[in-house]
Amino acid sequence: MTTLVISRSSGPAPVRAPATARGELAALVALAGPLVAANLLQMAVYAIDVVFVARLGTVELAAATLGVYLYAVIMWALVGLVGAAAPVIAAELGRRRHAVREVRRSFRMAMWLSVVGSLPFLLLLSNGETLLRLAGQDPVVAARTGAFLDILLFAMIPSIAAAAMRVTAAALGRPGWATAVTALALVVNLIGNWLLVFGNLGFPALGLEGSAIASVTTSVAMLLAYVVILVTDRRIRRYRLFGKWWRTEWSRLMEIVRLGVPIALTMTFEGALFSSAGFLMGLFGVTEVGAHAIALQIAAVAFQIPFGIAQAATIRVGMAYGARDRAWMARAGWVSLAVGIGFMGLTALLIWSFPRLFISLYVDVDAPANARLVTLTLQYLVIAAMFQLVDGAQAVAAGVLRGLQDTRIPMLIALVGYWGVGFCTALFLGFRTPLEGVGIWLGLAAGLAAVSAMLLWRWHRRDALGLTPDGPLPA
């Protein structure tokens, strides 16, 4: 397993490549394991909000759902933007030259970007009610969503800044902090919702607004936790990440923006495809929307595994890229792909074998009133099981290409694959054939398969396409 050792006088020692695929596998698992755990815990954080708000009634749940959708689309795009610091930092560590100073520059500009990049979107979210009215939503729901977003928008900057700290800690060999901090967020969010939504222990019962305050409190708690970690952790503190925080590094900022904007758009294209599928389902009926939501939630939980592996793969390949070690790049990339696809093969088998068990986590599968809902969900889960492999492949393939600092063409691949192939196929099969909802899901599978195939081809042809640097670093 590769370790990062920091000397007292001259900064970090050289990052060495594992000599075998087995060594690379050990390094990947050590890095990816905590990130996967953190991603799964983050899903639990979101679930807590739903559990509490759902008890407030249909209008409040609809308002929270619409508000979180607007907020999440923006937040994940910005997370992708600042997350571009990960391959930059990894490459700096791989180059082994002046890593302390260079890592600090990248971190500083990622933190700047978390603030500056958020500002225009805060203005957008502050007009949430107007946006939803323009979209034709119910005026009552739109008003409640606006009130919810007026509070929730204060979570944006601390959430994005915490994301920048998370990827920095992981790149510096401390991914376990991501799990610990997300576990803290789970506890804070649970207590916050319990106290503020229904007014326990003498706190005011604030309902939907209470849930929004709990989310803001959780994001601030995560931010403060990461600050403490980066300042006190023995391995990280020697980078003095918060030193000279006021200094500008325009070339480094633009480098992160150049890599990060395509990542943000890629994540937006994918998220928007699945969100659009939900709107298309609404044209068939309420039951179809419910079945789609349950099946998609199950698939989303499974996706957290390759997503965490992809985050680790970006760092592992990024280190090899910085070292200009083509053999290491290949080994890191292929090991990551094998692990990601292998895990998704396991989740596909589980979903295929026990679909009713997974559905029972959300609804009573034996209740006659849920018979049609369960039947539709089972049909969608069959397709979800089928596309697990390509979903894992596209996620990890995107991650290894980011390690090579290749983000612009993968963004175009995402646009063509998700929308040119996936959305168009969903429209045709859903509305031009009797398949309806099944056709929508087949379209999603087609989009994921197309993106997966193109990204894997690009990774396979990385040398011929000039994505890998030539020659070793000078001594």
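Just so we're clear, the structure is a prediction, and the values are computed from it rather than from any experiment. (Residues numbered from 1 in each chain as written. Predicted model: local features only at pLDDT ≥ 70, side-chain atom pairs only at ≥ 80, totals over all residues. Heavy atoms only, no water.)

(A) Just the side chain of Q388, in detail. Mapped onto the secondary structure, Q388 falls in helix α16 (residues 388–403). Q388 gets classed as buried once you look at its relative accessible area, which sits at 0%. For Q388, the side chain forms a polar contact with the main-chain oxygen of A384, separated by 3.1 Å. Ignoring any residue separated from it by four or fewer positions in sequence, one finds Q388 in contact with A299, A302, M344, T347, A348 and I351. (Helix = DSSP H or I, 4+ residues; strand = E, 2+ residues; numbered from the N terminus. Buried < 20%, exposed > 50% of the residue type's maximum accessible area, 1.4 Å probe, protein only. Polar contact = N/O pair within 3.5 Å; in protein donor to acceptor, adjacent residues only side chain to side chain. Contact = heavy atoms within 4.5 Å.)

(B) Seen up close, the pattern of salt bridges. Considering all chains together, one arrives at 15 salt bridges under this definition. Close ionic contact of E102 with R252 constitutes a salt bridge, the shortest N to O distance being 2.6 Å. Pair noted here: E102 is in helix α4 (residues 99–116) and R252 is in helix α11 (residues 250–282), with a separation of 150 residues, a long-range link. Close ionic contact of R372 with E288 constitutes a salt bridge, the shortest N to O distance being 2.4 Å. On the criterion of sequence distance, the pair formed by R372 in helix α15 (residues 371–386) and E288 in helix α12 (residues 286–323) is long-range, its members being 84 residues apart. Its relative accessible area of 47% is what places R372 among the partly exposed residues. Taken together, the salt bridges that share partners define one network made up of E92, E102, R105, R108, E249, R252 and E255. (Salt bridge = Lys/Arg side-chain N within 4 Å of Asp/Glu carboxyl O.)

(C) Layout of a positive patch on the surface. Residues R101, R240, K244 and R247 make up a contiguous surface patch of positive charge. With respect to the helices and strands, R101 occurs in helix α4. Taking the relative accessible area as the measure of exposure, R101 reaches 44% and is therefore partly exposed. (Patch = residues over 30% accessible without salt bridge, like charges linked within 9 Å, V, L, I, M, F, W, Y side chains within 5 Å. Areas by Shrake-Rupley, 256 points an atom, 1.4 Å probe, with all protein chains shown as cover. Lys, Arg positive; Asp, Glu negative; His and termini not counted. Charge placed at Lys NZ, Arg CZ, Asp CG, Glu CD.)

(D) Region of the structure containing the nonpolar core. M156 and W441 are the most contacted members of the largest nonpolar core, which has 139 residues in total. Per-element accounting of this core gives the leading share, 15 residues, to α12. When residues no more than four places from it in sequence are discounted, the contact partners of W441 are M281, H292, A295, L296, Y380, I383, A384 and F387. (Core = buried A, V, L, I, M, F, W, Y, C linked by side-chain atoms within 4.5 Å.)

(E) How the structure looks around empty space enclosed by the protein. Inspection of every chain in the model, using the stated rule, returns 2 cavities of 30 Å³ or more. Reported here for the largest cavity is a volume of approximately 50 Å³. Around the largest cavity sit P262, I263, T266, A398, R402, D406, T407 and P410, which together line it. When residues of the lining of the largest cavity are traced back to their parent elements, those giving at least two are α11 and α16. A total of 3 residues in the lining of the largest cavity trace back to one element, the largest contributor, which is α11. Classifying every residue of the lining of the largest cavity gives 4 nonpolar, 2 polar and 2 charged. (1 Å grid on protein atoms, 1.4 Å probe; cavity = no way out; pocket = protein on both sides within 12 Å on 5 of 7 lines; lining within 4 Å. Points joined across faces, edges and corners; volume = space filled by probe spheres on them. Nonpolar A, V, L, I, M, F, W, Y, C, P; charged D, E, K, R; others polar.)

(F) View of the packing of aromatic side chains. All chains considered together, the criterion is met by 10 aromatic pairs. Taken together, a centroid distance of 4.9 Å and an interplanar angle of 25° make the contact between F284 and F431 stacked. A residue pair is termed long-range when its members are at least 10 positions apart, and F284 in the loop between α11 and α12 and F431 in helix α17 (residues 408–431) qualify at 147 residues. Each member of the aromatic cluster is reached from another via a ring pair, and the members are Y380, F387 and W441. Here R55 stacks its cationic end above the ring of F198, 4.7 Å away from the centre of that ring. For the cation-ring pair, R462 lies above W459, with the distance from its terminal atom to the ring centre recorded as 4.1 Å. (Phe/Tyr/Trp six-rings, centres within 6.5 Å; stacked < 30°, edge-to-face > 60°. Lys NZ or Arg CZ within 6 Å of the ring centre and 35° of its normal.)

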